[in-house]
Amino acid sequence: MPTDPLDPLREKINGIDAEIVRLLNDRAKVVHEVGKVKQATGTEPWVPHREKEIFERIERASAGPLKSAGLKAIYREVLSACREIEKPLRVAYFGAPASYSHLAARAKFGSAVECVSIHGIEGVFSEVQRRQVDYGVVPVENSTEGGVTQTLDMFIEHLDTDLRIVSEIMLPIHHALLAKCKPVEVKRIYSHPNALGQCRKWLSNHFGGVDLIDVISTSKAAETAKHQAHTAAIASLEAGEIYGLDVLFENVEDNSNNVTRFFVIGRQKTPPIPKSKTCLLLSVKDQVGALVKTLLPFEQNGLNLTRIESRPSRRKAWEYFFFVDFLGHEDDPKVKKALAELEKTCHTIRILGSFPQAEI
């Protein structure tokens, strides 16, 4: 009988796989020792800047043919499995399974982490504050619809706590129209208001006479579509799989470059690394030109602002807090200088966190 010409190559792959498994277990043994040291010294089990350094190092070490995205996906799961050996992590996220916050949590922490579904954004903050979970993942802004006001308001509510932003996630968002009926039978479409906004033109062109109904999350929309006749949901493809819905249309977002930014909230302070980002919460004094004067220290110290957004303080009528993001770390000398100058024009200056800048 002629031998299969692939057999020698498969045997070679089998040998390589055996060596990979051996090396992964060697890595896990070292991680176990790292966990002991961290426990003895009170160090946090998850270190965002260390994770970023590992990803950058493996990208530099690779000569191909594996692409960087593939390597990062592999190592994300390696890190997730090894982290479980150090200390199993519990991460709260907003929404039900297959919500975009859930997908963001899995993209950041891998599949070995215990993801905890929380009904509302305020609940995620509360669970982290009460130490019922190690971290929380919440949406903060979308490239199409702008800021997520519930998240910003929760930072104001927790102004006097020790909660901090420890990392950010940039998740490309691709919506699908899901249902258990045919497109012509759809009479109502459920989704989160931001998701409906991200699909506004597409919905107008294809389902102009259909009722659009807001719900608390895209995963809740999918759950509703599962149990109601003539009902569709705008949600992720993963939500369709979980709730047994058919995919009527894919990629229904108006902007193909639709991205949502998420914050990981925790407690630890991240040390300075290249490509850090800082988020501040400010309230300015009630005087002419106060906001302009507040922005000057950023320009004078060469700090690149990436976002500024205002929210009512909820403490006094017509009083506002400003959320300001800029490139740099709170321990950088020029950032410290800018913060000192901000005290002249601001009532409140709260560093919400300095963290590694995420990439899409």
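To be clear, the structure that these remarks concern was listed above.
Residues numbered from 1 in each chain as written. Predicted model: local features only at pLDDT ≥ 70, side-chain atom pairs only at ≥ 80, totals over all residues. Heavy atoms only, no water.

A. View of the pairing of strand β6 (residues 176–179). Neither face of β6 is open: one carries A176 and L178, the other L177 and A179, and all of them are buried. Across four bridges, β6 lies against strand β10 (residues 246–250) in antiparallel orientation. Note on β10: the bridge partner recorded for L178 is V247. Taken together, the four bridges between β6 and strand β9 (residues 231–235) define a ladder with antiparallel strand orientation. The residue of β9 that forms the bridge with L178 is A233. (Buried < 20%, exposed > 50% of the residue type's maximum accessible area, 1.4 Å probe, protein only. Helix = DSSP H or I, 4+ residues; strand = E, 2+ residues; numbered from the N terminus. Pairing = 2+ DSSP bridges.)

B. Region of the structure containing the pattern of salt bridges. Here the structure, examined in full by the defined rule, presents 24 salt bridges. R22 is the salt-bridge partner of E19, the closest N and O atoms lying 2.6 Å from each other. Taken together, the positions of E19 and R22, both in helix α1 (residues 7–41) and three residues apart, correspond to about one turn of that helix. On the basis of relative accessible area, E19 is assigned to the partly exposed category, the value being 36%. Within the structure, one salt-bridge network assembled from shared partners comprises E141, E168, R261, K277, R307, E309 and D325. (Salt bridge = Lys/Arg side-chain N within 4 Å of Asp/Glu carboxyl O.)

C. View of the packing of aromatic side chains. Throughout the structure, instances matching the rule amount to ten aromatic pairs. Ring centres of F155 and F263 lie 6.0 Å apart, and the angle between their planes is 75°; this geometry places the pair in the edge-to-face category. Pair noted here: F155 is in helix α6 (residues 149–157) and F263 is in strand β11 (residues 259–266), with a separation of 108 residues, a long-range link. Ring plane angle 55° and centroid distance 5.4 Å describe the contact between F298 and F326, whose orientation is recorded as tilted. (Phe/Tyr/Trp six-rings, centres within 6.5 Å; stacked < 30°, edge-to-face > 60°.)

D. Structural detail: the sheet that holds strand β13 (residues 305–312). Sheet architecture is open: four strands sit in the order β13-β14-β12-β15, paired in antiparallel fashion. Lying at the two open borders of the sheet, with one neighbouring strand each, are β13 and β15 (346–356). When the angles between neighbouring strand axes are averaged without regard to direction, this sheet yields 15°. Direction of pairing for β13 relative to strand β14 (residues 320–327): antiparallel, over a ladder of seven bridges. Bridge pairing links P312 to Y320 in β14. (Axes fitted to C-alpha atoms, helices over the stretch in contact; angles between N-to-C directions.)

E. Main features of the layout of surface pockets. A volume near 660 Å³ is recorded for the largest pocket. The wall of the largest pocket is formed by 23 residues, among which F55, K72, R76, K108 and E359 lie closest to the centre. For the lining of the largest pocket, the secondary structure elements donating two or more residues are α2 (48–61), α3 (68–86), α4 (100–109) and β5 (164–172). Residues belonging to the lining of the largest pocket are distributed by class as follows: twelve nonpolar, two polar and nine charged. (1 Å grid on protein atoms, 1.4 Å probe; cavity = no way out; pocket = protein on both sides within 12 Å on 5 of 7 lines; lining within 4 Å. Points joined across faces, edges and corners; volume = space filled by probe spheres on them. Nonpolar A, V, L, I, M, F, W, Y, C, P; charged D, E, K, R; others polar.)

F. Structural context of a nonpolar patch on the surface. A grouping of I16, I20 and L24 is seen on the molecular surface, where their side chains present a nonpolar patch of about 250 Å² in accessible area. Tracing the sequence through the fold places L24 in helix α1. Overall, L24 belongs to the partly exposed group, its relative accessible area being 37%. (Patch = residues over 30% accessible without salt bridge, like charges linked within 9 Å, V, L, I, M, F, W, Y side chains within 5 Å. Areas by Shrake-Rupley, 256 points an atom, 1.4 Å probe, with all protein chains shown as cover.)

G. Highlighting α3. The end-to-end C-alpha distance of α3, which contains 19 residues, comes to 26 Å, matching closely the 27 Å that a straight helix rising 1.5 Å per residue would cover. Inspection of α3 places L71, V78, L79, S80, C82 and R83 among the buried residues, and these make up the whole buried set. Buried residues along α3 sit in contact with α1, α2 and α4. (Expected span 1.5 Å × (residues − 1). Contact = heavy atoms within 4.5 Å.)

H. Examining the side chain of E330 more closely. On the secondary structure map, E330 appears in the loop between β14 and α12 (333–342). What makes E330 buried here is its relative accessible area of 8%. Of the polar contacts made by the side chain of E330, one reaches the side chain of R164; its length is 2.5 Å. Excluding anything up to four places from it in sequence, E330 contacts R164, K269, T278, V335, K336, I351, G353 and S354. (Polar contact = N/O pair within 3.5 Å; in protein donor to acceptor, adjacent residues only side chain to side chain.)

I. Focus on empty space enclosed by the protein. The full count for this structure, using the stated rule, is two cavities of 30 Å³ or more. In this model, the largest cavity occupies a volume close to 260 Å³. Taken together, 19 residues form the lining of the largest cavity, with Y100, P139, H192, N194 and T218 sitting closest to its centre. Elements with a contribution of two residues or more to the lining of the largest cavity: α4, β3 (135–142), α7 (193–198) and β11. Residue composition of the lining of the largest cavity, by class: eight nonpolar, eleven polar and no charged. Each pocket or cavity is described by its volume, and for the second largest cavity that value is around 50 Å³. If you trace the second largest cavity, you find it lined by S80, R83, E84, K87, P88, L89, F109, A112 and V113. Of the residues forming the lining of the second largest cavity, the biggest block, three residues, is contributed by α3.

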